[in-house]
Amino acid sequence: MGNTFAPFIFALVMVGIVLELVRRKVFREKYAALWLIIGASALVLAGWPGLLPAVSKALGVQVASNLLFALCIILLLGVCLHLSWELSVVEDENRTLAEELAILRAAVERIEVELSGVEQKVTAAAKERLPLPEGSSPFTVGNGPDIFPSNNPLEGK
Amino acid sequence: MSCTNARRVLVIMPAWNEGETVGSTVTEVLDLDEGYDVLVVDDGSTDGTASVARAAGATVLRLPFNMGVGGAMRTGFKFADRYGYDAVIQVDADGQHDPREISEVLKGLETADISIGARFAAKGDYRVSGPRRWAMVFLAAVISGLSRTKLTDVTSGFRAGNRRAIAQYLDHYPAEYLGDTIDSLVVAIKSGCRVTQVPVAMRPRQGGTPSHNPVKSAIYLLRSVFALLFAMTRSRSRIAAQEGTA
């Protein structure tokens, strides 16, 4: 009995780890599915030691362990394919985001430059009429490019 | 954006660590004074490419990491589409493409959707040999057959496109190796874009060294055939629907 007890415990621990990772939201459920299938099959095979030889005989596989290896390889190939596929999707999304980011960054930089020009004009016009207290301009831009350093209303802060 | 009534042309220049040459190339294009806007797509450079290009007067898009020429061009097409340009033309930042030929290549758009500046078409003295040449001849023959026009240089990066081509590229423009030249062209032809070529002369590179390694050329041949075979099996894009809304 000793030689079936160890694999059973091993399979149980693996299923436990996967379930716990899903519960803690470390793993997304879609990645866990394949591992849970593998863990559950290992549990069944370890729990009923007579099952593997019986199935092998029915399928015409002479050595029972070969059936186990073949199934393992197929499942692992499935996991690999799934990961490659997910990775390609993620890479594609990542690239699209980078493209968006580059275009938005150029737009923001242009707007910042234009805005500091407007801000410059407004503060100049306001100063002519009535000198405003430091930093009270309605057109202050946070962390904008310091294009007009001498007249920047943020400078006093 | 200087002339509003004429068609707006965007010159897209993908650049990766080309700080030495990008400035002079941008200046040359702007000095033509034909109202072209220049967009430099800085493909994750670690040198001063972006600042040099900006100082020369180009709009600069900075990609956060290197995505290859295909990725840079995709970004450029997206930009052109968003800002409503009528035509785009790709020009290398290393100065190999003569900016004075831009108007020639753009003229090809009068009769087609994509116009390629071809390097072997009886002008200039561009030469390659060995496996790289076989690859180019083979690719040109296959793609000429597809497009039913005589094309002699399908891997040239000096190419222009109109709105229809931009819409097509937005749908399918792979960022993989050779995807930007062969794959995109094959799918564009399948999707009904007309292609033409204009002979251009190439200038020697102003910076960097071209590779003449025969092993690299052989790998190039294999990869280009691979890319072509994949491209042939791809399905056409639906750009007819987008044309109506544009």
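Residues numbered from 1 in each chain as written. Chains lettered and ligands numbered in written order. Predicted model: local features only at pLDDT ≥ 70, side-chain atom pairs only at ≥ 80, totals over all residues. Heavy atoms only, no water.

Draft legend 1. Expanded view of the overall build of chain A. Across its full length, chain A carries four helices and zero strands. In chain A, which comprises 157 residues, the share counted as buried stands at 19%. Within chain A, residue pairs in contact and separated by at least 24 positions form 55% of the contacts whose partners lie at least 6 positions apart. If you sum the accessible surface of chain A, you get close to 11,400 Å²; carbon and sulfur atoms cover 69% of it. (Helix = DSSP H or I, 4+ residues; strand = E, 2+ residues; numbered from the N terminus. Buried < 20%, exposed > 50% of the residue type's maximum accessible area, 1.4 Å probe, protein only. Contact = heavy atoms within 4.5 Å. Areas by Shrake-Rupley, 256 points an atom, 1.4 Å probe, with all protein chains shown as cover.)

Draft legend 2. The arrangement of the pairing of strand β1 (residues 9-15) of chain B in detail. All names here are of chain B. Most of β1 sits inside the fold, with seven of its seven residues counted as buried. Of the two faces of β1, both are covered, the one formed by V9, V11, M13 and A15 as well as the one formed by L10, I12 and P14. Judged from the six bridges that link them, β1 and strand β2 (residues 37-42) form a sheet pairing that is parallel. Counterpart to A15 in the pairing with β2 is D42. (Pairing = 2+ DSSP bridges.)

Draft legend 3. Expanded view of the packing of aromatic side chains. Residue and element names in this part refer to chain B. Applying the stated criterion to the full structure yields five aromatic pairs over all chains. Between Y169 and Y173, the ring centres sit 4.9 Å apart and the planes meet at 80 degrees, which makes this aromatic pair edge-to-face. Put simply, the rings of F77, Y169 and Y173 pair up and form one aromatic cluster. The ring of Y85 carries the charged tip of R8 above its face, separated from the ring centre by 4.3 Å. (Phe/Tyr/Trp six-rings, centres within 6.5 Å; stacked < 30°, edge-to-face > 60°. Lys NZ or Arg CZ within 6 Å of the ring centre and 35° of its normal.)

Draft legend 4. Focus on the environment of L76 of chain A. Residues and elements named next belong to chain A. Along the chain, L76 falls in helix α4 (residues 64-129). When its relative accessible area of 45% is taken as the criterion, L76 is described as partly exposed. Separated by twelve residues in the primary sequence, L76 and A64 have C-alpha atoms spaced 19 Å apart.

Draft legend 5. Examining the nonpolar core more closely. All names here are of chain B. Counting residues in each nonpolar core, the largest one holds 43 residues, and the members touching the most others are L10, F77, I114, I143 and L185. Residues within four places of L10 in sequence aside, it is in contact with D37, L39, G76, F79, A80, Y85, A87, V88 and I89. If you look at the next biggest cluster of nonpolar residues, it comprises 25 residues, including V11, A15, A87 and L109. (Core = buried A, V, L, I, M, F, W, Y, C linked by side-chain atoms within 4.5 Å.)

Draft legend 6. Structural detail: the interface of chain A and chain B. Counting from both sides, the interface comprises 14 residues of chain A and, opposite them, 16 residues of chain B. The junction of chain A with chain B conceals about 1,300 Å² of combined surface from both sides, 56% of it contributed by carbon and sulfur atoms. The largest per-residue losses of area from chain A upon contact with chain B belong to R95, E99 and I103 of chain A, which jointly make up 44% of the total buried on that side. Applying the counting rule to chain A against chain B returns five salt bridges. Among the salt bridges present, the one from E99 of chain A reaches R74 of chain B, with a minimum N-O distance of 2.7 Å. (Buried area = accessible area lost by both parts, 1.4 Å probe. Salt bridge = Lys/Arg side-chain N within 4 Å of Asp/Glu carboxyl O.)

Draft legend 7. Highlighting unusual backbone geometry. Residues and elements named next belong to chain B. In this structure, D33 is a non-glycine residue whose phi angle is positive, near 60 degrees. Take D33: it is sitting in the loop between α1 (19-31) and β2. Overall, D33 belongs to the exposed group, its relative accessible area being 68%. In this model, R148 sits at a positive phi of 55 degrees, which is unusual for a non-glycine residue. Considering the arrangement of structural elements, one finds R148 in the loop between α5 (131-147) and β6 (159-162).

Draft legend 8. Molecular detail of a nonpolar patch on the surface. A contiguous nonpolar patch, built from V44, W48, L51, V55 and L59 of chain A and spanning about 470 Å² of accessible area, is present on the exposed surface. Tracing the chain through its elements places V44 of chain A in helix α2 (residues 29-47). (Patch = residues over 30% accessible without salt bridge, like charges linked within 9 Å, V, L, I, M, F, W, Y side chains within 5 Å.)

Draft legend 9. Spotlight on the pattern of salt bridges. Considering all chains together, one arrives at 18 salt bridges over all chains under this definition. In this structure, R82 of chain B and E100 of chain A form a salt bridge, with 2.9 Å as the shortest nitrogen-oxygen distance. With R82 of chain B in helix α3 (residues 68-82) and E100 of chain A in helix α4, this pair bridges two chains. For R164 of chain B, the salt bridge is made with D113 of chain B, and the minimal N-O distance between the two is 3.4 Å. Taken together, the positions of R164 of chain B in helix α6 (residues 163-171) and D113 of chain B in the loop between α4 (102-107) and β5 (114-118) put the pair 51 residues apart, joining distant regions of the chain. The buried category is assigned to D113 of chain B, whose relative accessible area is 2%. Among the charged side chains, a salt-bridge network with shared partners connects E99 and E100 of chain A together with R74, K78 and R82 of chain B.

Draft legend 10. Spotlight on the sheet that holds β2 of chain B. All names here are of chain B. Pairing is mixed across the open sheet formed by seven strands, whose spatial order is β3-β2-β1-β4-β6-β5-β7. The outermost strands of the open sheet, each flanked by one partner alone, are β3 (59-62) and β7 (195-199). In this sheet, adjacent strand axes meet at a mean angle of 20 degrees when their direction is disregarded. Two strands pair when backbone bridges link them, and β1 and strand β4 (residues 87-90) are joined in this way by four bridges, in the parallel orientation. Following the sheet pairing, L10 is matched in β4 by V88. Against the sheet, α6 makes contact with β4, β5 and β6, and its axis sits at roughly 100 degrees relative to β6, the strand it touches most. (Axes fitted to C-alpha atoms, helices over the stretch in contact; angles between N-to-C directions.)

Draft legend 11. Structural context of the confidence of the model for chain A. All names here are of chain A. The predicted model of chain A averages 81 in pLDDT, with 80% of residues at 70 or higher. Every residue in residues 146-150 scores below 50 in pLDDT, and together they form seven contacts with partners more than four places removed in sequence or on other chains. Low pLDDT (under 50) marks residues 152-157, which in the prediction has twelve contacts with non-local residues, meaning those over four places away or in another chain. (pLDDT = per-residue confidence, 0-100.)

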